[in-house]
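# Coordinates in review
Okay, here's what each chain looks like letter by letter:
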Amino acid sequence: MHVTPYPKGYVGYRIGNQYGASVLVRIVVTGRQTHGSTPWQGVDPMPAVGAVLTGIGQLYRQVSAFDPVTVSVGHVEDVGRFNIVGETVTLWGTIRTAVESDMAEVRRRLTALVEHSAAAYGATATAEYLQPVPPVHNSAAWVAAGLPTFRRVVGEERVVETGGTLGYDDVSEFVRRFGGLYVTLGVQDAALDASGRPVPVEGGRGLVTNHNPGFYADDSALVTGVRLHAHVAYDHLRGALVTREETPDAGGTLPVRRPPSRRP
């Protein structure tokens, strides 16, 4: 479960990919250090970095427009100073794809962009892909198993179907191997409009997205989250929240088996 800017105490669920596939990207652009007064005596990596950052904004046009893709650079490290053309610049970023099969193509195109952009400015560059994470997939069987518990705890009208996001969570590794379910918990001063979208309520603190400096979570909603986890665990252990679907495993399939009956 993950908190989200939705009405307090609401549970959001989705059949299919709740979160996208993700990979951490490390790009290193290398030139040749020199003094800022004699740039012709070195190779400035900065123009190549600028070309890479600009080109990244066009990568989405090179894959299918029907499945969302993002490539974001969130951190830049430079070893130079105001009067020195530095040797290297390192970019840290992330790729997110709604469909896991798109990841290889986006990586291939990003690598080509990085290497060729650097070469055009006389520099070199490498792209590394670290910590790959598959999407969090909610099967219909697991959603059906969990909904009765969610509705009993928070009320039927507070359990709503939502869209997916390009966030990621490595709990996907557990869900993929053993089965499971990932849902969201609303924690903010909001209501749903006629189309089912969250809107801020008058006099509240507004809607603020996750990882924004102004993000907040209402404490009462966190209590609801604890109750949901406890009831889900209890219902699963007593055999009320189970599914016999088979989930893919690295070696084929792995049955998700019914827990043994409790001892008297």
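Cut-offs applied
- Residues numbered from 1 in each chain as written.
- Predicted model: local features only at pLDDT ≥ 70, side-chain atom pairs only at ≥ 80, totals over all residues.
- Heavy atoms only, no water.
- Helix = DSSP H or I, 4+ residues; strand = E, 2+ residues; numbered from the N terminus.
- Rg over C-alpha atoms; globule rule 2.2 N^0.38 Å.
- Buried < 20%, exposed > 50% of the residue type's maximum accessible area, 1.4 Å probe, protein only.
- Contact = heavy atoms within 4.5 Å.
- Areas by Shrake-Rupley, 256 points an atom, 1.4 Å probe, with all protein chains shown as cover.
- Pairing = 2+ DSSP bridges.
- Axes fitted to C-alpha atoms, helices over the stretch in contact; angles between N-to-C directions.
- Expected span 1.5 Å × (residues − 1).
- Arc of directions from axis to C-beta.

Right, let's talk about the overall build of the protein chain for a bit. The number of helices and strands found in the protein chain is 5 helices and 16 strands. Against the 2.2 N^0.38 benchmark of 18 Å for 264 residues, the protein chain shows a C-alpha radius of gyration of 23 Å, more extended than a compact globule. Projected onto the principal axes, the alpha-carbon positions of the protein chain cover approximately 80 × 55 × 35 Å. Sorting the 264 residues of the protein chain into buried and exposed places 40% on the buried side. Expressed as a percentage of contacts within the protein chain between residues at least 6 apart in sequence, the contacts between residues at least 24 apart total 76%. For the protein chain, the accessible area works out to roughly 14,600 Å², and carbon and sulfur atoms hold 55% of it.

Read across the sheet, 4 strands follow the order β1-β12-β2-β11 without closing on themselves; strand pairing throughout is mixed. Of all the strands in the sheet, the pair left with one neighbour each is β1 (2–7) and β11 (159–161). Averaged over all pairs of adjacent strands, the angle between strand axes in this sheet comes to 40°, irrespective of strand direction. Taken strand by strand, helix α3 (residues 140–154) contacts β2 (11–13) and β11, and its axis lies near 165° from that of β2. Packed onto the sheet, helix α5 (residues 219–237) meets β1, β2 and β12 (184–188) and runs at close to 160° relative to β12.

A few words on α5. For α5, with 19 residues, the first-to-last C-alpha span of 28 Å sits near the 27 Å given by 1.5 Å per residue. Residues of α5 that are buried include every one of A221, T224, G225, L228 and D235, and no others. Taken around the axis of α5, the buried residues stretch over an arc of 105°, which confines them to a single face. Turned more than 90 degrees away from the buried face of α5, the exposed residues are D219, V223, V226 and L237. Contacts from the buried residues of α5 go to β2, α3 and β12. Just downstream of α5 lies G239, where phi reads positive at about 90°.

Turning next to the sheet that holds strand β6 (residues 69–78). Taken in spatial order, the 4 strands line up as β6-β8-β4-β9 in an open sheet, and their pairing is antiparallel. One side of each edge strand has no neighbouring strand; the edge strands of this open sheet are β6 and β9 (124–133). On average, each strand axis in the sheet is inclined to that of its neighbour by 20°, with strand direction left out of account. Of the pairings in the sheet, the one linking strand β4 (residues 21–30) to β9 comprises 8 bridges and is antiparallel in character. Bridge pairing in β9 places R26 opposite E128. Packed onto the sheet, helix α1 (residues 46–56) meets β4, β6 and β8 (88–97) and runs at close to 10° relative to β8. Along the sheet face, helix α2 (residues 103–120) touches β4, β6, β8 and β9 and points at about 160° away from the line of β9.

Moving on to the environment of V79. Structurally, the position occupied by V79 is in the loop between β6 and β7 (84–85). Among residues more than four places away in sequence, those in contact with V79 are G86, E87 and T88.

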